[in-house]
Amino acid sequence: MRPLGEAEMVDICLGGGVLGSGGGGSVQEGRVIIDRILSSGPSVDLLSVDEVEDEAWGAAIAGMGSPAASKDHPRTKSPRWALDALAGALGFHADFVVPFEMGAGNSLTPFQAAIQLGIPVVDADPIGRAVPQIHMTTFHLGGISLSPLALATEDGMTAVMCSEDPHDMERVARAITSEFGGVAAIACYALRGKDLNRSAIPNTITLAESIDRKSVVQGKSVDLGGRRTIKKKKYTL
């Protein structure tokens, strides 16, 4: 476990923007989230996957909605309230949170719930980048249910929805978010530590943090240690 302060969060914001590949929130949104995290305390604890106890409970946290609405109504308490609603529905106490996806904003959204509840963020996520639909995760592939899913607003409205069909979950969650004014926080994929260990992609927050800030700011290419898995031939018809 190690504490993450403002400098580390800024690096995660910039690196998360690279990993998000255009999704997961803007850098501007991420900087607003950092300010709101730090209004509750100086640092958030980061826990490795191996440090999470098998019987500990947690969930994935993210923001959902339009970038314009998020800018006008930035999230502060809603990530925690979404987690509280999910934990209340299932009857567990949250011991950790994990990002739903990588992105300049969503890499940091769970930090808001973590610092308010005094629990750690786990250095992992179920995607490694940002995705357009909420079932496109290693959690889903690992048999961890997306249902129930909780949504919350900054006004204190919450909704908990259940369905065995992930496409219905996506469709209805976005409809609720629209009714919430186009912006909400979500908590989903409630899971225990042993399931997190077998299904999450580890060290993605540290990866985001390690992406060279100077290269990102200057628009230079960044080596993320990728490798070619498929080589195609080009044909002219």
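What is the right way to look at the nonpolar core in this model?
Most often, soluble globular proteins have nonpolar side chains that are buried together. Among the nonpolar cores identified, the biggest contains 39 residues, and Ile 37, Val 44, Leu 83, Leu 108, Phe 111 and Val 121 are the most heavily contacted of them. Looking at this core element by element, the count peaks at six residues for helix 1 (residues 6-20). Sequence-distant contacts of Val 121, that is, excluding residues within four places in its chain, are made with Val 44, Asp 45, Leu 46, Leu 47, Val 97, Pro 99, Pro 110, Phe 111, Ala 114 and Ile 205. In terms of nonpolar packing, the next biggest core, distinct from the first, is built from 32 residues, Val 49, Ala 60, Ala 173 and Phe 180 among them.

Explain the environment of Arg 129 to me, please; I cannot follow it from the model alone.
Mapped onto the fold, Arg 129 is located in the loop between strand 6 (124-125) and helix 6 (138-141). Put simply, Arg 129 and Thr 204 are 75 residues apart on the chain and 9.0 Å apart in space, counted from C-alpha to C-alpha. Not counting the four nearest positions on each side in its chain, Arg 129 is found in contact with Leu 19, Gly 20, Ser 21, Glu 101 and Met 102.

Sorry if this is basic, but what is going on with the pattern of salt bridges here?
Pairing is possible between side chains that carry opposite charge, provided their charged atoms lie close to one another. Enumeration over the complete set of coordinates arrives at eight salt bridges. With a closest N to O distance of 2.5 Å, Arg 2 and Glu 209 form a salt bridge. Of the two residues, Arg 2 is situated in strand 1 (residues 2-4) and Glu 209 in helix 9 (residues 204-210); the sequence distance between them amounts to 207 residues. The exposure class of Arg 2 is partly exposed, given its relative accessible area of 30%. You can call Glu 209 buried: its relative accessible area is 17%.

I tried to follow the layout of surface pockets on my own but got confused; where do I start?
Any empty space left between the atoms is revealed when a probe the size of a water molecule rolls over them. For the largest pocket, the calculated volume is near 640 Å³. Those elements giving two or more residues to the lining of the largest pocket turn out to be helix 2 (27-38), strand 3 (57-65), helix 3 (67-72) and helix 7 (166-179). When its residues are assigned to classes, the lining of the largest pocket shows twelve nonpolar, 14 polar and seven charged.

Help me out: how do you make sense of the pairing of strand 2 (residues 44-47) in this one?
Two faces belong to every sheet, and in a regular strand the side chains alternate between them. Note that strand 1 and strand 2 share three bridges and pair antiparallel. Opposite Pro 3, over in strand 2, you have Asp 45 as the bridge partner. Pairing of strand 2 with strand 5 (residues 121-122), which is carried by two bridges, proceeds in the parallel orientation. Paired with Leu 46 across the strands is Val 121, a residue of strand 5.

Sorry, what's going on with helix 7 here?
Each α-helix winds once per 3.6 residues, and so residues spaced three or four apart point in a common direction. With 14 residues, helix 7 ought to run about 20 Å at 1.5 Å a step, and its terminal C-alpha atoms sit 20 Å apart, in line with that. Turning to helix 7, its buried residues number three or more, namely Pro 166, Met 169, Glu 170, Ala 173, Ile 176 and Thr 177. Within helix 7, the buried residues cover an arc of 135° as seen down the axis, which keeps them to one side. The exposed residues of helix 7 that point more than 90 degrees off its buried face are Arg 171, Ser 178 and Glu 179. Buried-residue contacts for helix 7 involve strand 3, helix 6, strand 7 (149-152), strand 8 (158-161) and strand 9 (183-192). One side-chain oxygen at the N-terminal end of helix 7 lies 2.8 Å from the backbone nitrogen of His 167; it belongs to Asp 165. Phi for Gly 181, located one or two positions after helix 7, is positive at around 100°.

Before we go on, may I ask you to explain the packing of aromatic side chains in this structure?
A ring pair, where both rings are aromatic, is described by two values, the distance of the centres and the angle of the planes. Per the counting criterion, the structure on display carries two aromatic pairs. Ring centres 5.2 Å apart and planes at 20° place the aromatic pair Trp 57 and Phe 92 in the stacked group. One end of the pair, Trp 57, is in strand 3; the other, Phe 92, is in the loop between helix 4 (78-90) and strand 4 (96-99), and 35 residues separate them in sequence. Judged by its relative accessible area of 30%, Trp 57 is partly exposed. The exposure class assigned to Phe 92 is buried, which follows from its relative accessible area of 11%.

What am I meant to see in the packing of helix 1 against helix 2 here?
Between two packed helices, the angle of one axis relative to the other and the distance separating the axes together describe the packing. Interhelical geometry of helix 1 versus helix 2 gives an angle of 155° and a closest axis separation of 9 Å. Comparing their axes, helix 2 and helix 1 come out roughly antiparallel. As for how helix 1 packs across helix 2, the hand of that crossing is right-handed. Side by side, helix 1 and helix 2 meet where Glu 6, Met 9, Val 10, Cys 13 and Leu 14 of the first sit next to Val 27, Gly 30, Arg 31, Ile 34, Ile 37 and Leu 38 of the second. The residue makeup of the contact of helix 1 with helix 2, split by class, is eight nonpolar, one polar and two charged.

Rules behind the numbers
- Residues numbered from 1 in each chain as written.
- Predicted model: local features only at pLDDT ≥ 70, side-chain atom pairs only at ≥ 80, totals over all residues.
- Heavy atoms only, no water.
- Core = buried A, V, L, I, M, F, W, Y, C linked by side-chain atoms within 4.5 Å.
- Buried < 20%, exposed > 50% of the residue type's maximum accessible area, 1.4 Å probe, protein only.
- Helix = DSSP H or I, 4+ residues; strand = E, 2+ residues; numbered from the N terminus.
- Contact = heavy atoms within 4.5 Å.
- Salt bridge = Lys/Arg side-chain N within 4 Å of Asp/Glu carboxyl O.
- 1 Å grid on protein atoms, 1.4 Å probe; cavity = no way out; pocket = protein on both sides within 12 Å on 5 of 7 lines; lining within 4 Å.
- Points joined across faces, edges and corners; volume = space filled by probe spheres on them.
- Nonpolar A, V, L, I, M, F, W, Y, C, P; charged D, E, K, R; others polar.
- Pairing = 2+ DSSP bridges.
- Expected span 1.5 Å × (residues − 1).
- Arc of directions from axis to C-beta.
- Polar contact = N/O pair within 3.5 Å; in protein donor to acceptor, adjacent residues only side chain to side chain.
- Phe/Tyr/Trp six-rings, centres within 6.5 Å; stacked < 30°, edge-to-face > 60°.
- Axes fitted to C-alpha atoms, helices over the stretch in contact; angles between N-to-C directions.
- Parallel < 35°, antiparallel > 145°, perpendicular 65-115°, else oblique.
- Left-handed = near helix turned anticlockwise from the far one by under 90°.

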